[in-house]
Amino acid sequence: MMRIVKQDFDGIIERLSPLDASWMDDTAEAIMARIRGIQAKTEYTREDIEDLIRADSGDEFQVSLFCVGLFLGFSKDKLAFELKDRLGSGGTGIKRYQQDTATYLDVLEELGLLEAMTATVNVKPVWSDLLLERLRSGRGSAIQGQQRGRNLEDFAEETIKEVFGSLYEPRCTFQGVNGLAKCDFAIPCKQDPYILVEAKGYGATGSKMSDIIGDLDAIIRVKRHDASLLFITDGVTWKERANDLRKIVQRQNDGRITRIYTKQMKDQFRADLETLKSEYGI
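For the structure given in this document, a descriptive report is provided here.

Thresholds applied
Residues numbered from 1 in each chain as written. Predicted model: local features only at pLDDT ≥ 70, side-chain atom pairs only at ≥ 80, totals over all residues. Heavy atoms only, no water. Pairing = 2+ DSSP bridges. Helix = DSSP H or I, 4+ residues; strand = E, 2+ residues; numbered from the N terminus. Axes fitted to C-alpha atoms, helices over the stretch in contact; angles between N-to-C directions. Contact = heavy atoms within 4.5 Å. Phe/Tyr/Trp six-rings, centres within 6.5 Å; stacked < 30°, edge-to-face > 60°. Buried < 20%, exposed > 50% of the residue type's maximum accessible area, 1.4 Å probe, protein only. Core = buried A, V, L, I, M, F, W, Y, C linked by side-chain atoms within 4.5 Å. Lys, Arg positive; Asp, Glu negative; His and termini not counted. Salt bridge = Lys/Arg side-chain N within 4 Å of Asp/Glu carboxyl O. Polar contact = N/O pair within 3.5 Å; in protein donor to acceptor, adjacent residues only side chain to side chain.

1. What about the sheet that holds strand β5 (residues 259–261)?
Strand order in the open sheet made by the five strands is β1-β2-β3-β4-β5, with mixed pairing throughout. In the strand order of this sheet, the two ends are held by β1 (169–176) and β5, each with one partner. Within this sheet the neighbouring strands show an average axis-to-axis angle of 40 degrees, counted without direction. Inspection of the sheet shows strand β4 (residues 228–234) paired to β5 by three bridges, in the parallel sense. Each residue of the ladder has a partner; that of I232, found in β5, is Y261. Strands β3 (195–201), β4 and β5 of the sheet are contacted by helix α12 (residues 266–280), whose axis makes an angle of about 170 degrees with β4.

Rendered as structure tokens:
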């Protein structure tokens, strides 16, 4: 019979050990094998692209696309979007490649794959390049996502400041009728805001969909029913998550969000702020 004992924090913490794991799985090994098979040349041709992405199965073609992404410096999501955007409907996998090889190769050339292969293979690396790449793929990936979001906030704040001067509070927790919630901008103040602005960029490494919808719903739950909620977003990867974007649009259609904007709608955003400023007497 197992004896019942009371464990203590120190007894557990002293016995913790690192959980080491290798990043080199079967897929990574297949990618590296494909890359090592590339012959070094001073210049590459369309036939070299065919050799790079040649595959007999869907799994092998995924390895091909990973190799393409590595040469172009694209994430998996970004490459998928670029291919879909240029190829149109019909998919981007091995069946599409086999059905329309010429067009697929044309798209890869348009993306700059030949130039990328030539530049990458013929580069003369130094030790700092290795560290730079580790920085880019680690901390750099997180910073890139943060920067996308911050750039969108700066875009919103610039227009808000033009209309309201100093009568707004950025990145704050505001007081609503049903409690507190965070928002990017509360106008004219966080104690009793009439206008709430939330700015969220969606990219491969940007805000997560669940976070975006969760933040919006938190604002909707606590704000005054007559307060306006303006949502600013951007990022072409929304096209890959169209159903999720539809959920946000539905909130606007239901009246829970006043208006949705992108950076291309700056003039409309400013005009609506001017209108709301007059309506609320701010």
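There is more to say after this.
2. Considerations on the packing of aromatic side chains
Scanning the model with the defined rule gives six aromatic pairs in all. Where Y97 meets Y104, the ring centres are 5.4 Å apart and the plane angle is 90 degrees; that geometry is what we call edge-to-face. An identical accessibility class is assigned to Y97 and Y104; each is buried. By the ring-pair criterion, three or more aromatic residues cluster together here, those being F61, Y97 and Y104.

3. Points about the nonpolar core
Ranked by internal contacts, the top residues of the largest apolar core, which has 27 residues, are L83, L108 and L113. Elements represented by at least two residues in this core include exactly α3 (46–53), α4 (58–72), α5 (76–87), α6 (94–99), α7 (101–110) and α8 (113–121). Ranked by residue count, the leading element in this core is α4, at seven residues. Apart from the residues lying within four places of it in its own chain, the contact partners of L83 are L65, G88, T92, Y104, V107, L108 and L111.

4. Here's the deal with the side chain of R96
Here R96 is to be found in helix α6. The side chain of R96 is buried and forms no salt bridge, while D100, the nearest opposite charge, is found at 4.7 Å. A polar atom in the side chain of R96 sits 3.2 Å from the backbone oxygen of G91. Not counting chain neighbours up to four residues away, the residues in contact with R96 comprise L87, G88, S89, G90, G91 and Y104.

5. Brief notes about the pairing of β4
The buried count for β4 comes to six of seven residues, which makes it a mostly enclosed element. Pairing between β3 and β4: seven bridges, direction parallel. If you follow L196 over to β4, its bridge partner there is L229.

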